[in-house]
Amino acid sequence: MTTTQPKLIIHGGASSLNDKGGLAKVRPILHNIVTEVYQLLNNGGTAVDAVVRGCQLLENEPSFNAGTGSVLQSDGQIRMSASLMEGLNQTFSGVINISRVKNPINLAKYLQDESDRILSDMGAMELARELNIPIYDPLTEFRAKEWIAEWKDDFQSKMGRLFASTESNEARRGTIGVVALDSQGKIAAGTSTGGKGLERIGRVSDSAMPAGNYATAEAGVSCTGVGEDIVNECLAARVVIRVGDGLSLPDAMEKSMKESKKRDRDLGAIALAHNGVISWGKTSEILLAAYHDGSTIGDTLEWQTEELMGHC
Ligand code: GLY
């Protein structure tokens, strides 16, 4: 039986390195996660297992805006969204705006085999209770202080407004994601987020939509950036479907990024193709991604050129 060389790419969002302790802190975090998850693939683990494990590790890392370390919404609550897509059968599952769980990706994994595969807020939390998933508070001191600083003037003058600030905020580009190709040649993609930060209650992130996370037998993509921009481009599905229609992954990524750039979008994406090509793209300034191509680990942390994409 022929086996495929496994490949892996992960991301920790498209926001600044400054609030994450800089390159010296983020690089080992991403490289350690890539190393652990690649080992799983090398030992015959499936793409779905690798994506779930990678998302768990990234959700557990407080530097990133997903799981522990998620940003707070306009009302001071954390609501997280996560999705998982298995490429061969094209099965998408996810949770939208769930609170008080440690790993939203675990619920997305559970929902892969259910007939109702995308659950939002109350339904997602009902499921967590049904599965006896322990209650967990993902709030970190850094995020609490960030939110208090953002709303300080409001608290001094009147009750906090329950709508999103219009000002740009680094948290708005944070998300985590993993795309894996396993030794059976199967692809899976997963994405998880705390959202934009300060958003209106009920706002739905791209991360649990095919716009932000999509996979087929041919390719898989996980996105990061401003969710509304990603949805407007339907970015993940756009790149993947272009590969299905015959474009190479680098060409599909470049074409999609050029279009996004023309429309002034603020986003990034990581991707893998069935032939083993790893690709990444961004219109944002930064993309915090790392990959394993079977022999070496690389990353995009010092990628500051004007180029919209790269691949290996
Ligand atoms: N891309 C994450 C969000 O906008 O919610």
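Residues numbered from 1 in each chain as written. Predicted model: local features only at pLDDT ≥ 70, side-chain atom pairs only at ≥ 80, totals over all residues. Heavy atoms only, no water.

As annotated in an unreviewed UniProt entry, the chain is Asparaginase from Crocosphaera watsonii WH 8501.

1. Considerations on helix α8 (residues 249-262)
Rules: Secondary structure follows DSSP: runs of H or I at least 4 residues long count as helices, runs of E at least 2 residues long count as strands, and numbering of each begins at the N terminus. Under the convention used throughout, the expected extent of a helix is 1.5 Å for every residue step, that is, one less than its residue count. Partly exposed describes any residue whose relative accessible area lies between the buried limit of under 20% and the exposed limit of over 50%, with all areas from a 1.4 Å probe on protein chains only and scaled to the type maximum. Whether two residues are in contact is decided by their heavy atoms, any of which lying within 4.5 Å being enough. As used in this structure description, the phrase polar contact means that two N or O atoms lie within 3.5 Å; if the pair is within protein, one of them must be able to donate a hydrogen and the other to accept it, and residues adjacent in sequence are counted only when both atoms belong to side chains.
For α8, with 14 residues, the first-to-last C-alpha span of 20 Å sits near the 20 Å given by 1.5 Å per residue. What α8 keeps buried is the set Leu249, Pro250, Ala252, Met253, Ser256, Met257, Glu259 and Ser260. Buried positions along α8 lie against α6 (227-233), α7 (235-244), β9 (267-273), β10 (278-282) and β13 (309-311). The opening residue of α8, the one whose side-chain oxygen lies 3.2 Å from the backbone nitrogen of Asp251, is Ser248.

2. Observations concerning the site of the ligand
Basically, it comes down to this: For this purpose, a residue is taken to be near a molecule or strand whenever a single non-hydrogen atom of the residue falls within 4 Å of it. The method behind every accessible area is Shrake-Rupley, applied with a 1.4 Å probe, and residues are considered shielded solely by the protein chains displayed. Each residue receives one of three labels: charged for Asp, Glu, Lys and Arg, nonpolar for Ala, Val, Leu, Ile, Met, Phe, Trp, Tyr, Cys and Pro, and polar for the others, Gly being one of them.
Around the ligand, a shell composed of Thr175, Thr193, Gly195, Lys196, Arg203, Ser205, Asp206, Ser207, Gly225, Val226 and Gly227 is seen. Residue Thr175 places a side-chain N or O atom 3.3 Å away from a nitrogen atom belonging to the ligand. Separating an oxygen atom of the ligand from a side-chain N or O atom of Arg203 is a distance of 2.7 Å. With the chains in place, 100% of the 200 Å² that the ligand exposes on its own is no longer accessible. Taken together, the residues of the shell around the ligand sort by class into one nonpolar, seven polar and three charged.

3. So, the pairing of strand β11 (residues 289-292)
Operational definition: Being paired, for any two strands, means DSSP has found at least two bridges between them.
Residues Ala289 and Tyr291 of β11 are buried on one face, and the alternating residues Ala290 and His292, pointing to the opposite face, are buried as well. One ladder, built from three bridges, connects β11 with strand β12 (residues 297-299); its direction is antiparallel. In the strand pairing of β12, Tyr291 is matched with Gly298.

4. Notes on the pattern of salt bridges
Operational definition: Salt bridge criterion: a side-chain nitrogen from Lys or Arg within 4 Å of a carboxyl oxygen from Asp or Glu.
Applying the stated criterion across every chain yields a total of 14 salt bridges. Residues Lys258 and Glu254 are paired through a salt bridge, measuring 3.8 Å at the closest nitrogen-oxygen approach. A residue pair is termed a helical-turn pair when its members lie 3 or 4 positions apart in one helix, as Lys258 and Glu254 do in helix α8 at four residues. Residue class for Glu254 comes out partly exposed when judged on its relative accessible area of 31%.

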